[in-house]
Amino acid sequence: MEKRSKAGRKPCTTITEPQKKTLKAISEYIEQMGYPPTVKELGDVLGISHASAHAQVNYMIKNGYLKRDGNKARGLSIVRRPDDANIAELIPIPIVGDVTAGKPILATENFIGEVLVEYKIIRNAPCFALKIKGESMVDAGIKEGDLIIVRQQPLAENGDIVVALIGDEATVKRLYIRDNHIELRPANKQFKSILVNPQDELRILGKVVAIRNMAKSELAHPHLQQNKLNIR
C-alpha cells in the first residue's frame, strides 16, 4: 500500500477588509513619516487595541503580506499586496546626512538611514534623500527638517529645483540659465540668489522630485536633527 504523504498547509491568500485597511494604514504611515509604525502606533491609527493590531500583523506576516525585522522596533515592511488594496509599492532610498567640506555628498559615511518612497515617483532611477536645514526654499514647500527626494542626474532644465555643488559646498536652489550666466535662486525673498561665474566649479547632483515633511518624525529620531544639509 502506498503511503499517502501529508500535504503541507498552504498559506491563505485571502485578505479581509480590515486587513486591507491595516496594510493601507501602514503604507500611508510610511509615506508620511518615512518609517513604519510600531504595532502600538498602528493600533492607535486604526482605533483598535494593541492586541488586535498585533494579531492582524501576525496573520499578514504568516501569509506573506508583511515582513518583520525582529531586531528593530519599527521593523515592519510590506512585501506583497492584493491588487485591490490601493497600496503604493515602496522603495528604500538612502538618506544623506551631515555633509562637510571636502567630503563627497554621496560618500557612504554620510548615509544616516533610509526613507521609503513610492516606486511611481522614482521608477528605476538612482535616488537619494537629503535632510534639510534652512529656510531659503520655504516658498517652494521645502521647510526646516524636511526630507527632499533627489533623482541623481548631472543635467537639469531651466526652473528645476536642484541639489548643486559649488566647490565643496552643497545647496538646494531653483536653477535659472540666462544667456551667458547661471543663477541659483532661493524661494524666499530674505535670501539672495547665487550667481555662478564661469570660473566657479558647479556640479548638478540631481533634481528634487518629492518632498517629505519630517517635522513629526524628528520626535522619534532625535539623532537626525544633527545631520542636516545646510542651505545657503
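Residues numbered from 1 in each chain as written. Predicted model: local features only at pLDDT ≥ 70, side-chain atom pairs only at ≥ 80, totals over all residues. Heavy atoms only, no water.

1. What to know about the pattern of salt bridges
- Going through the model one piece at a time under the given rule, you end up with six salt bridges.
- One salt bridge in this structure joins glutamate 41 and arginine 74, with 2.6 Å as the shortest N-O distance. Remark: arginine 74 occurs in the loop between β1 (66–68) and β2 (76–78) and glutamate 41 occurs in helix α2 (residues 39–46); sequence separation between them is 33 residues.
- Between lysine 143 and aspartate 146 there is a salt bridge; the shortest N-O distance is 3.9 Å.
- Assessed through its relative accessible area of 37%, lysine 143 is described here as partly exposed. (Salt bridge = Lys/Arg side-chain N within 4 Å of Asp/Glu carboxyl O. Helix = DSSP H or I, 4+ residues; strand = E, 2+ residues; numbered from the N terminus. Buried < 20%, exposed > 50% of the residue type's maximum accessible area, 1.4 Å probe, protein only.)

2. Focus on the environment of tyrosine 35
- Here tyrosine 35 shows up in the loop between α1 (17–33) and α2.
- Linking tyrosine 35 and glycine 113, residues 78 residues apart in sequence, is a C-alpha distance of 10.0 Å.

3. Remarks on the nonpolar core
- Within the largest apolar cluster, 17 residues are counted, with the highest numbers of intra-cluster contacts made by Ile105, Leu130, Ile142, Ile148, Val163 and Val172.
- Among the secondary structure elements, those contributing two or more residues to this core are β5 (127–133), β6 (147–152), β7 (161–166), β8 (169–178) and β11 (202–212).
- Apart from residues no more than four positions distant in its own chain, isoleucine 142 is found in contact with Ile132, Met137, Ile148, Ile161, Val172 and Ile211.
- Formed by 14 residues, the second largest nonpolar core is a distinct cluster that contains Leu23, Ile26, Leu90 and Leu116. (Core = buried A, V, L, I, M, F, W, Y, C linked by side-chain atoms within 4.5 Å. Contact = heavy atoms within 4.5 Å.)

4. A word on the packing of α1 against α2
- Remark: α1 packs on α2, axes separated minimally by 10 Å, with the N-to-C direction vectors making an angle of 110°. Classified by the angle their axes make, α1 and α2 are roughly perpendicular. Considering the relative orientation of α1 and α2, their crossing is right-handed. Two secondary-structure elements touch here, α1 through Lys21, Thr22, Ala25, Ile26 and Tyr29 and α2 through Glu41, Leu42, Val45 and Leu46.
- In terms of residue class, the contact of α1 with α2 is built from six nonpolar, one polar and two charged. (Axes fitted to C-alpha atoms, helices over the stretch in contact; angles between N-to-C directions. Parallel < 35°, antiparallel > 145°, perpendicular 65-115°, else oblique. Left-handed = near helix turned anticlockwise from the far one by under 90°. Nonpolar A, V, L, I, M, F, W, Y, C, P; charged D, E, K, R; others polar.)

5. Structural notes on the side chain of asparagine 63
- By secondary structure assignment, the location of asparagine 63 is in the loop between α3 (50–62) and β1.
- Of the residues examined, asparagine 63 reaches a relative accessible area of 7% and is grouped as buried.
- For asparagine 63, the side chain forms a polar contact with the main-chain oxygen of tyrosine 59, separated by 2.9 Å. (Polar contact = N/O pair within 3.5 Å; in protein donor to acceptor, adjacent residues only side chain to side chain.)

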